Amino acid sequence: MPHRTLEHHELIGLIFDCAESETGLEPALAAIADQFGADKAHTLILRRGELVDSHFHGYDHNGFRDYERDWQDKDPRLATAVKSPGQIFSDVQIIEPSLFEASAIYNELLSKVGVRYTLFTTTEIAPDLHLGQALMRQKRAGAFEPEDIRRFTILVPHLLRAVRLRRLVAILRAERDDLNRALDAVAGPVALLDKSGKLICCNRAAEQLLTVGDGIRLERQIVTAMIPRESQQLAAALLRTAELAEGTSQRHPLKPSPTALQLTRHQGRPLGVVLMPLRPSSRFREYARQTAKVLAVFHDPDAVLRLDPELISQLHGLTATEALLASALAQGHSLAQFAASRGCSEQTARTHLKRALDKTDTRRQSDLVRVLLGSAALHLTRS
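Within any chain, residue numbers begin from 1 and follow the written order of that chain's sequence. Since the coordinates come from a predicted model, pLDDT governs what is reported: local features require at least 70, and pairs of side-chain atoms require 80 or more to be given and counted, while whole-chain, interface and lining totals use all residues. Excluded from the side-chain calculations are hydrogens and water; all other atoms, namely the structure's heavy atoms, are used.

Caption draft 1: The arrangement of helix H12 (residues 309–316) in detail. Pairing of N or O atoms within 3.5 Å defines a polar contact, subject to two protein rules: one partner must be a possible hydrogen donor and the other a possible acceptor, and residues neighboring in sequence count only if both atoms are side-chain atoms. By the criteria applied, helices consist of DSSP H or I runs no shorter than four residues and strands consist of E runs no shorter than two, each listed in order from the N terminus. The backbone nitrogen of Glu-310 lies 2.9 Å from a side-chain oxygen of the residue at the head of H12, namely Asp-308. Residue Gly-317 follows H12 closely and has a positive phi angle near 70 degrees.

In structure tokens form, the structure reads like this:
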């Protein structure tokens, strides 16, 4: 198939398509290089002169490493661009060609990778953060002309906006990942939903429940129940709860009670769901997408209770064995079962229990379990 040069509007569209692409700017750089008869293109992001990110066409980071290590501080092109942000230069404008071809950077680096002529600029992205952009040609292609500078002047603002968008998307993704990690620390399955029940984000425990799809499941990203009648009840409850999240309805109390439902399952006891409005001032709303209205907390009565023995040890000053015993008791195991699993006598297990009771300032086994279930060592998981 013959190669087709992109129209200007197609090239702009490609640049902005790369703003959220995980592959980076390389497709856009390839198309731009083609427009200008260049073999190589490089977008770099500098913070106070230090390189923090790079996108390449025509070579890779390994090919750039020698330049970054040995030549970046000695490059007259980069020095000129950094001193004059916003201006676009052709190398022949700032360096006499014969002097450049006699220079060490050309003979020891650039000529070896097929670079003779460069079109380049730097532009401010944010305070202390700059975009560097370069197009490079081989010697036989000739120098970049004033017309190339004019055309590149039109493209650079779009590249700048795309890089700013990439930076914003990266920040939002990082905040979303932080929110997901925070939700993963919650004991039990939880999810953030909009008023239609669309899933905004959830922790791993909720994701597992939705994946299994028994009682609660996802249909086109909408959280719904297994039985139609219960799906209607869930949808209505979500809508009522979302109204409270808006803070505009006068029909509801200022401190509404959570809405609770039970959803039938094919296997196991019914799944409990508690819906709570995320008020406009909620920190969850601040860090989640603004469409998030409802916090859904799921309770699986058949879930396996697990307490992290290492956390129990750190929180309550127990030895490793005492923490293992405390965790086993909280899961409903008996002293005899723990002793059998550890290969010790029941009397030895009682000795460990007595020490654990003393260290947690409790008198009975039931008190110890109560303390543990109220601690940060609690996690709910599926078996």
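Caption draft 2: The arrangement of the pattern of salt bridges in detail. A pairing counts as a salt bridge when a side-chain nitrogen of Lys or Arg comes within 4 Å of a carboxyl oxygen of Asp or Glu. All chains considered together, the criterion is met by 17 salt bridges. Among the ionic pairs, Arg-269 bridges to Asp-302, the shortest N-O distance being 3.1 Å. With Arg-269 in the loop between strand S10 (259–263) and strand S11 (271–277) and Asp-302 in the loop between strand S12 (294–299) and strand S13 (304–307), this pair connects stretches of sequence that are 33 residues apart. Looking at Asp-302, the relative accessible area reads 33%, which means it is partly exposed. Linked through salt bridges whose partners overlap, the residues forming this network are Asp-91, Glu-101, Arg-116 and Lys-139. Burial classes: relative accessible area under 20% of the type maximum marks a residue as buried, over 50% as exposed, and values in between as partly exposed (1.4 Å probe, protein chains only).

Caption draft 3: Quick peek at the side chain of His-42. With respect to the helices and strands, His-42 occurs in strand S1 (residues 40–47). Take His-42: its relative accessible area is 4%, and that puts it in the buried class. A polar side-chain atom of His-42 sits 3.3 Å from a polar atom in the side chain of Ser-54. Excluding anything up to four places from it in sequence, His-42 contacts Ser-54, His-55, Phe-56, Tyr-59, Phe-64, Gly-132, Gln-133, Ala-134 and Met-136. The criterion used for residue contact is that any of the two residues' heavy atoms lie within 4.5 Å.

Caption draft 4: Representation of the confidence of the model for the chain in the model. Each residue carries a pLDDT score, the predictor's own confidence in it, on a scale running from 0 to 100. Confidence in the prediction of the chain, expressed as mean pLDDT, is 86, and 91% of residues score 70 or more. Put simply, strand S14 (residues 378–381) is where the chain has its lowest mean pLDDT, 52, and strand S9 (residues 222–225) is where it has its highest, 95.

Caption draft 5: Inspection of the sheet that holds S11 at higher detail. In space, the 5 strands of this open sheet follow the order S7-S6-S12-S11-S10, with antiparallel pairing throughout. In the strand order of this sheet, the two ends are held by strand S7 (199–202) and S10, each with one partner. Taking the axes of each pair of neighbouring strands and ignoring which way they run, one obtains an average angle of 25 degrees across the sheet. Inter-axis angles, ranging from 0 to 180 degrees, are taken between N-to-C directions of lines fitted to C-alpha atoms, where helices are fitted over the stretch in contact. Each of strand S6 (190–193) and S7 is contacted by helix H8 (residues 146–184), which is oriented at about 60 degrees to S7, the strand it contacts most. Set on the sheet, helix H9 (residues 204–212) makes contact with S6, S7, S11 and S12; between it and S7 the angle comes to about 125 degrees. Following DSSP output, two strands are said to pair if at least two bridges run between them.

Caption draft 6: Expanded view of the packing of helix H13 (residues 320–330) against helix H14 (residues 335–342). Taken N-terminus to C-terminus, the directions of H13 and H14 make an angle of 135 degrees; their axes are 10 Å apart at the nearest point. Taken as axis vectors, H13 and H14 run oblique relative to one another. Crossing of H13 over H14 shows right-handed handedness. Between H13 and H14, the contacting residues are Thr-321, Leu-324, Leu-325, Ala-328 and Leu-329 on the first element and Leu-335, Phe-338 and Arg-342 on the second. Each angle receives one of four descriptions, namely roughly parallel if under 35 degrees, roughly antiparallel if over 145, roughly perpendicular if within 65 to 115, and oblique otherwise. Crossings are assigned a handedness: left-handed for a near helix turned anticlockwise from the far helix by less than a right angle, right-handed for a clockwise turn.

Caption draft 7: Inspection of the packing of aromatic side chains at higher detail. A pair of Phe, Tyr and Trp rings is counted when the ring centres sit within 6.5 Å of each other, with Trp represented by its six-membered ring. The angle between the planes then sorts it: under 30 degrees is stacked, over 60 is edge-to-face, the rest tilted. In the structure shown here, the tally under the stated rule is 4 aromatic pairs. With a centroid separation of 5.6 Å and an interplanar angle of 45 degrees, the aromatic rings of Phe-100 and Tyr-106 are classed as tilted. Just as Phe-100 is buried, Tyr-106 falls in that class too. Think of it as a cone above the ring: NZ of Lys or CZ of Arg counts as a charge over the ring if it is within 6 Å of the ring centre and within 35 degrees of the ring normal. The ring of Tyr-106 carries the charged tip of Arg-116 above its face, separated from the ring centre by 5.8 Å. The ring of Phe-36 is capped by Arg-151, whose NZ or CZ atom sits 4.3 Å from the centre of that ring.

Caption draft 8: Broad picture of a nonpolar patch on the surface. Together, Leu-165, Leu-168 and Leu-172 line one region of the surface with nonpolar side chains, adding up to about 260 Å² of accessible area. Within the secondary structure, Leu-165 sits in helix H8. What makes a patch is a set of residues exposed beyond 30% relative accessible area and free of salt bridges, joined within 9 Å when like-charged and within 5 Å when nonpolar (Val, Leu, Ile, Met, Phe, Trp, Tyr). Working definition of accessibility: Shrake-Rupley area with a 1.4 Å probe, residue cover restricted to the visible protein chains.

Caption draft 9: Quick look at the sheet that holds strand S5 (residues 129–137). With antiparallel pairing, the 5 strands of this open sheet are ordered in space as S2-S1-S5-S4-S3. With partners counted over all chains shown, the strands left at the sheet margins are strand S2 (50–57) and strand S3 (88–90), one partner each. The sheet shows a mean angle of 15 degrees between the axes of neighbouring strands, direction not considered. By the bridge criterion, 7 bridges tie S1 to S2 in an arrangement that is antiparallel. Directly across from Ala-41, in S2, lies its bridge partner His-57. Contacts between helix H2 (residues 26–35) and the sheet are confined to S1, S2 and S5, with S2 contributing the most and set at about 65 degrees to the helix. Across the sheet, H8 touches S1, S2, S3, strand S4 (117–126) and S5, and the angle it forms with S4 is around 40 degrees.

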